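Okay, here's what each chain looks like letter by letter:
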Amino acid sequence: AGPPGADLRADRPGADDLRSLEHLLLFGLKGVAAYADHAHILGSDSDAVFDYLHRALAVLAEGRSGAGELTTLVLECGKVNIDAMELLSQAHRARFGVPVPTPVSLGTREGPAIIVSGHDLLDLEELLEQTEGTGVNVYTHGEMLPAHGYPRLKGHPHLAGHYGTAWQNQQREFAAAPAAVLMTTNCIQRPAAAYADRIFTTGLVAWPGVAHVPDRAGGRQKDFSAVIAKAKSLPGFHDAPGKTITAGFGHEAVLGVAEKVIAAVKSGAIRRFFLIGGCDGAKPGRNYYTRFAELVPKDCVILTLACGKFRFHTLDAGDIGGIPRLLDMGQCNDAYSAVRVAQALAGAFGCGLNDLPLTFILSWYEQKAVAILLSLLHLGVRNIRLGPSLPAFVAPGVLKVLAEKFNIMPISGDPGKDLAEALGR
């Protein structure tokens, strides 16, 4: 499809809105396919999801659809993405247990180490089992942070903590780490020379010249022996205690204190919820999300997910009557948990999603973020703020419709102004 903003089909000159809808659909389909693939790896599939993907791709291949059919498919993509995220959520819980709030160290322990980045929790589980008793510590990186909340993963004592921040900082962070690195899904950058000989890929992610761990065969685990051997040959980390944060606030944990939350809202102790999350990136202006989180009043709760949280995940937010003010709900696909919480609260208050004291402040970067945005639009969520800039493939005509129907708007660049408007709703 080319880069964002490029023509999807060259034979539709002047059809900017149609091409824009095609791109919006294509990016959404890529996000759905990613979540469906994560679930497939864990043995969970949905014929309905696959049927939709085939049908929508066929429409794009034909290139004859009008705005009405494309708009219907775009919103249906949001619905199917919720189904795919639910499928993955259930697969994660069936395999690794229900996430529970868990303290996670951002420091390091003495000894050889492997840093695991990406999204694949099954790869992490198999690596943890193969490093058991070897003296090699395992650290999560990026979107693997939520792994610490799953009982079957956090039960491994050598899952030592979390190292680093979001994907765009990996060249600096991996270069500084005397450890082996394993990339399990996308988000890899060109490996710097400082660590090119100690980074490994597996699954669908690869890089020319980088050692690749083959897929499972014959019902056996992947063989991570080369990664482990490399880790043992390196100096490893020294003991360096760091800050402790908490991960693992899945929908079960949040809804487990739903009565307390509802009472706090009714009493005025909790004024508003802000979901601040999405993709992180290197583009200037993303410090907006850091500043927004810092400015959120003490009587408001911040929900977060995906790698956008690394802009403020170490914030000392405190609590409201024992309810933490900063709740890390997990990976990007755990937007499903956020939806479950919002729907449950709306049911408890007898109102619609848009009547809740809830504001979405989203950062986007790639296809998964587009799929999640389409899911929110399918649910009819209004007043979403999106940044740091709008997708280049959203044509003015399409943006006009989104603004009129959903009041979706770009962040202003002034977090104080946007916060005041949200609190005034």
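Structure first, text after, so check above.
The structure displayed is predicted, hence computed values, not measured ones.

Thresholds, definitions, all that
- Residues numbered from 1 in each chain as written.
- Predicted model: local features only at pLDDT ≥ 70, side-chain atom pairs only at ≥ 80, totals over all residues.
- Heavy atoms only, no water.
- Pairing = 2+ DSSP bridges.
- Helix = DSSP H or I, 4+ residues; strand = E, 2+ residues; numbered from the N terminus.
- Axes fitted to C-alpha atoms, helices over the stretch in contact; angles between N-to-C directions.
- Contact = heavy atoms within 4.5 Å.
- Core = buried A, V, L, I, M, F, W, Y, C linked by side-chain atoms within 4.5 Å.
- Buried < 20%, exposed > 50% of the residue type's maximum accessible area, 1.4 Å probe, protein only.
- Right-handed = clockwise from strand over helix to strand, strands pointing away.

S.K.: Help me out: how do you make sense of the sheet that holds strand 4 (residues 159–162) in this one?
M.R.: The strands that make up a sheet pair up through hydrogen bonds in the backbone, lying either parallel or antiparallel. In spatial order, the strands read 4-3-2-5-6-7; together these six strands make up an open sheet with parallel pairing. Both edges of this open sheet fall to strand 4 and strand 7 (211–213), since each of them pairs with a single strand only. Averaged over all adjacent pairs, the angle separating strand axes in this sheet is 30°, with direction ignored. Sheet analysis places strand 6 (residues 199–202) next to strand 7, joined by three bridges and oriented parallel. Bridge pairing links Phe200 to Ala211 in strand 7. Each of strand 2 (113–117), strand 3 (137–140), strand 4, strand 5 (180–183) and strand 6 touches helix 4 (residues 121–131); the most contacted strand, strand 3, lies at about 165° to it. Strand contacts of helix 7 (residues 225–233): strand 2, strand 5, strand 6 and strand 7, with the helix running at about 130° to strand 2, the strand carrying the most contacts.

S.K.: Looking at this structure, how should I read the nonpolar core?
M.R.: Soluble globular proteins tend to pack their nonpolar side chains together in the buried interior. Counting residues in each nonpolar core, the largest one holds 75 residues, and the members touching the most others are Leu25, Leu29, Tyr52, Ile270, Phe273, Phe360 and Ile384. Excluding residues within four positions of it along the chain, Ile270 makes contact with Val261, Ala264, Val265, Asp299, Val301, Ile320 and Ile323. Judged by nonpolar contacts, the second largest core, of 23 residues, contains Phe96, Leu121, Val227 and Ile228.

S.K.: Looking at this structure, I do not really get the pairing of strand 9 (residues 272–278). What am I missing?
M.R.: A regular strand places its side chains so that they alternate between the two faces of the sheet. Among the seven residues that make up strand 9, seven are buried, leaving the element largely enclosed by the rest of the structure. Side chains Arg272, Phe274, Ile276 and Gly278 project from strand 9 onto one buried face, and the interleaved Phe273, Leu275 and Gly277 project onto a second face that is buried too. Relative to strand 10 (residues 300–304), strand 9 is paired through four bridges, and the arrangement is parallel. Bridge pairing links Arg272 to Cys300 in strand 10. Chirality of the crossover, the property in question, places the unit of strand 9, helix 10 (residues 287–295) and strand 10 among those that are right-handed. In this structure, strand 9 lies alongside strand 14 (residues 358–363), joined through six bridges in parallel fashion. Looking at the pairing, Phe273 lines up with Leu358 of strand 14.

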